[in-house]
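Overview (structure and organization)
Each chain, letter by letter, is given below.
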Amino acid sequence: MPTRKVSNRGGNIIGHHPSLKVGRMIAFESTIERDFIYLLDYDPDVKTFEEQPFIIEYEWAGKIHRYTPDFHVVRCSSDPVVECKPLNHVNDEDNQRKFYAARRWCLESGREFKVETEVAIRSGSRLKNVVKLAQFARHYVEPGYCRLILGVLGEESISILDLMHRISAEQPNAVLFAIYHLAYHHILEMNIDCAPIGFNTLVKCGTC
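Residues numbered from 1 in each chain as written. Predicted model: local features only at pLDDT ≥ 70, side-chain atom pairs only at ≥ 80, totals over all residues. Heavy atoms only, no water.

Remarks on the side chain of Asp70
Locating Asp70 in the fold gives a position in the loop between strand S5 (63-67) and strand S6 (71-75). Note on Asp70: relative accessible area 3%, which makes it buried. Among residues more than four places away in sequence, those in contact with Asp70 are Glu33, Glu50, Glu51, Gln52, Pro53, Val82, Glu83 and Cys84. (Helix = DSSP H or I, 4+ residues; strand = E, 2+ residues; numbered from the N terminus. Buried < 20%, exposed > 50% of the residue type's maximum accessible area, 1.4 Å probe, protein only. Contact = heavy atoms within 4.5 Å.)

Here's what the structure looks like:
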């Protein structure tokens, strides 16, 4: 569980995100953290993650300081410690001291320390597409639709619109919702990095 509660003493935006992966509300202290949580929740390489995971103590100018990084992420082959920070604040003197202390602590514990900015988190179309698919993550899907979608696809890659027409011309929205639900859970695959998801987006059976 988090080692401290989130705070908006600096006027930052705080809130909680309902994580399917972790199974609880995840607290965030900025919109950058919130967006990063969306990506973590969707990423199949991420097993679990925790916000405000632990306190790192370090000495500076004769005093002991305490720094709490934003996330500890457990991936399939690594478990990095992550700080989410606006790009224009990364090189602030105070932040650089914290990051240096965190890198030393992570090196001693066999972890990697990473700083994620809004530039990396929000680049391309990935985040917007993940947010779109997340709306359907908890959507109930008729088992019959799942079987039909996977059966129609087989080894093919076809557009969402073509898949909708092949499954049901009478209930296209139900099919579309099922496609988005299955894509969020990686049962179906689509390229979400290069362009916004639309009717022309190609979809195929997933490998996860």
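Details of the environment of Ile167
With respect to the secondary-structure elements, Ile167 resides in helix H6 (residues 160-167). Note: C-alpha distance between Ile167 and Gly151 (16 residues apart in sequence) is 9.8 Å.

What to know about the pattern of salt bridges
Considering all chains together, one arrives at 16 salt bridges under this definition. The residue Glu57 makes a salt bridge to Arg66 at a minimum N-O spacing of 3.3 Å. Residues Glu57 and Arg66 agree in their burial class; the two are exposed. A salt bridge links Asp94 to Arg97; the shortest N-O distance between them is 3.3 Å. (Salt bridge = Lys/Arg side-chain N within 4 Å of Asp/Glu carboxyl O.)

Here we look at the side chain of Glu33
Positionally, Glu33 belongs in helix H1 (residues 31-42). Of note is the side chain of Glu33, whose polar atom sits 3.0 Å from the backbone nitrogen of Glu29. If sequence neighbours within four positions are ignored, Glu33 has contacts with Ala27, Phe28, Gln52, Asp70, Phe71 and Cys84. (Polar contact = N/O pair within 3.5 Å; in protein donor to acceptor, adjacent residues only side chain to side chain.)

Structural notes on the sheet that holds strand S11 (residues 202-205)
If you trace the three strands from one edge of the open sheet to the other, you get S9-S11-S10, paired in antiparallel fashion. Edge positions in the open sheet fall to strand S9 (158-159) and strand S10 (188-190), since each of these has one partner strand only. Pairing geometry for S10 and S11, over three bridges, is antiparallel. Its bridge partner lying in S11, Glu189 is registered against Lys204. (Pairing = 2+ DSSP bridges.)

A few points about the sheet that holds strand S7 (residues 81-84)
The four strands lie next to each other as S3-S6-S7-S8, forming an open sheet whose pairing is mixed. With one partner strand each, in any of the chains shown, strand S3 (46-51) and strand S8 (113-116) form the two edges of the open sheet. Ignoring which end each strand starts from, the neighbouring axes of this sheet average 25° apart. Direction of pairing for S7 relative to S8: parallel, over a ladder of four bridges. Bridge pairing in S8 links Val82 to Lys114. Contacts from H1 reach S3, S6, S7 and S8 within the one sheet, and its direction differs from that of S6 by about 15°. Along the sheet, helix H2 (residues 93-108) makes contact with S7 and S8, crossing S8 at roughly 145°. (Axes fitted to C-alpha atoms, helices over the stretch in contact; angles between N-to-C directions.)

Some words on H6
Turning to H6, its buried residues number three or more, namely Ile160, Leu163, Met164 and Ile167. For H6, the arc enclosing every buried residue in end-on projection is 100°, short of the 170-degree limit, so these residues lie on one face. Of the surrounding secondary structure, the elements contacted by the buried residues of H6 are helix H5 (143-153), S9, helix H7 (172-184), S10 and S11. (Arc of directions from axis to C-beta.)

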